[in-house]
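Structural overview
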Amino acid sequence: MIGFYNYSVIVTYLGVALSVTGMALACSGRYEFAILCLALAGACDTFDGKIARAMKNRTREMEIFGVQIDSLCDMVCFGVTPAVIAYHMGLNSAWGIAIEIIFVLCGAIRLAFFNVLEELKHMEPQKNEKKYYRGLPITTITIIFPITYLFHPLVSHEIFTVILALMLLIVAFLYIFDFKIKKPGNGAITVMMIFVAIVMLRVLNII
């Protein structure tokens, strides 16, 4: 079979499975669990790169495949899935669909640009470049969406759809706006994951 199926990419594939499950749950109106799947897919993305880099004897072909499959899966997980969830949460008018198209398109542009930077990094290594993200990382939606959902029970449906639409537009713009964000270290990643876990417990009405 073509492709690779070792543990260096299995977590990436798991993220896609969670995202497709999340879309199915959104179609059934189970939004809290759909957003949970989105957050879990984000957790998978946090670790898949670390797992791949820790793998011994990884060939150049496997490295290139890892970059490409990660971006393709990110498009499903953090581009299409949030748009589908937003659509079923009420952003399904003509202008709502237009916003979702913009969001998905900006996500695709950002991921394609990331792939270009990765290719250039291998051709002309730049010591400082890898310490920063250019533009908002697409996985950031796994933090922003759950926080946005906390407004759902607090405001009317009409107001919430406006909040949701503004969130998608702002995030879409930040995906393609050229600015630098320092890559978080392990400590910062741990803090973010704890924060997302607390937000998800609130989304699920556990706390």
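A brief structural summary. (Residues numbered from 1 in each chain as written. Predicted model: local features only at pLDDT ≥ 70, side-chain atom pairs only at ≥ 80, totals over all residues. Heavy atoms only, no water.)

Right, let's get into the packing of aromatic side chains. By the definition in use, this model includes five aromatic pairs. On the basis of an interplanar angle of 90° and a centroid distance of 6.4 Å, the ring pair of Tyr149 and Phe160 is categorised as edge-to-face. With Tyr149 in helix H5 (residues 141-149) and Phe160 in helix H6 (residues 157-176), this pair connects stretches of sequence that are 11 residues apart. There is no split in this pair, since Tyr149 and Phe160 are both buried. Taken together through their ring pairs, the aromatic side chains of Phe173, Phe177 and Phe179 make up a single cluster. (Phe/Tyr/Trp six-rings, centres within 6.5 Å; stacked < 30°, edge-to-face > 60°. Helix = DSSP H or I, 4+ residues; strand = E, 2+ residues; numbered from the N terminus. Buried < 20%, exposed > 50% of the residue type's maximum accessible area, 1.4 Å probe, protein only.)

What follows concerns helix H1 (residues 7-27). Helix length check: H1, at 21 residues, gives a terminal C-alpha distance of 31 Å against a target of 30 Å (1.5 Å per residue), a fit within 8%. Within H1, the full set of buried residues consists of Ser8, Val9, Val11, Thr12, Gly15, Leu18, Ser19, Gly22, Met23, Leu25 and Ala26. In this structure, the buried side of H1 is in contact with helix H2 (31-54) and helix H3 (60-88). (Expected span 1.5 Å × (residues − 1). Contact = heavy atoms within 4.5 Å.)

Bringing the environment of Pro153 into the picture now. Tracing the sequence through the fold places Pro153 in the loop between H5 and H6. Accessibility expressed as a relative area gives 65% for Pro153, which makes it exposed.

Here we take up a nonpolar patch on the surface. Residues Ile194, Ile198, Leu201, Ile206 and Ile207 make up a contiguous nonpolar surface patch of roughly 470 Å² in combined accessible area. Mapping Ile207 onto the fold places it in the segment after helix H7 (186-203). (Patch = residues over 30% accessible without salt bridge, like charges linked within 9 Å, V, L, I, M, F, W, Y side chains within 5 Å. Areas by Shrake-Rupley, 256 points an atom, 1.4 Å probe, with all protein chains shown as cover. Salt bridge = Lys/Arg side-chain N within 4 Å of Asp/Glu carboxyl O.)

By the definition in use, this model includes one salt bridge. For Asp178, the salt bridge is made with Arg134, and the minimal N-O distance between the two is 2.8 Å. Here Asp178 is found in the loop between H6 and strand S2 (180-182), whereas its partner Arg134 is found in strand S1 (residues 132-134), with 44 residues between them in sequence. Owing to a relative accessible area of 25%, Arg134 belongs among the partly exposed residues under this scheme.

The first and last C-alpha atoms of helix H4 (residues 94-123) sit 44 Å apart over 30 residues, in line with the 44 Å expected at 1.5 Å per residue. The set of residues buried in H4 consists of Gly96, Ile99, Glu100, Phe103, Cys106, Gly107, Arg110, Leu111, Asn115 and Glu118. The elements touched by buried residues of H4 are H3, S1, H5 and H6.

The description of two helices packed together rests on the angle between their axes and the distance between the axes. It is the contact of H5 with H7, at a shortest axis distance of 9 Å, that shows an interaxial angle of 30°. When the axis of H5 is compared with that of H7, the two are roughly parallel. At the point where H5 passes H7, the crossing takes the left-handed sense. Contact with H5, carried on its side by Thr142, Ile143, Pro146, Ile147 and Tyr149, involves Met192, Phe195, Val196, Val199, Met200 and Val203 of H7 and no other residues of that element. Classifying every residue of the contact of H5 with H7 by side-chain character gives 10 nonpolar, one polar and no charged. (Axes fitted to C-alpha atoms, helices over the stretch in contact; angles between N-to-C directions. Parallel < 35°, antiparallel > 145°, perpendicular 65-115°, else oblique. Left-handed = near helix turned anticlockwise from the far one by under 90°. Nonpolar A, V, L, I, M, F, W, Y, C, P; charged D, E, K, R; others polar.)

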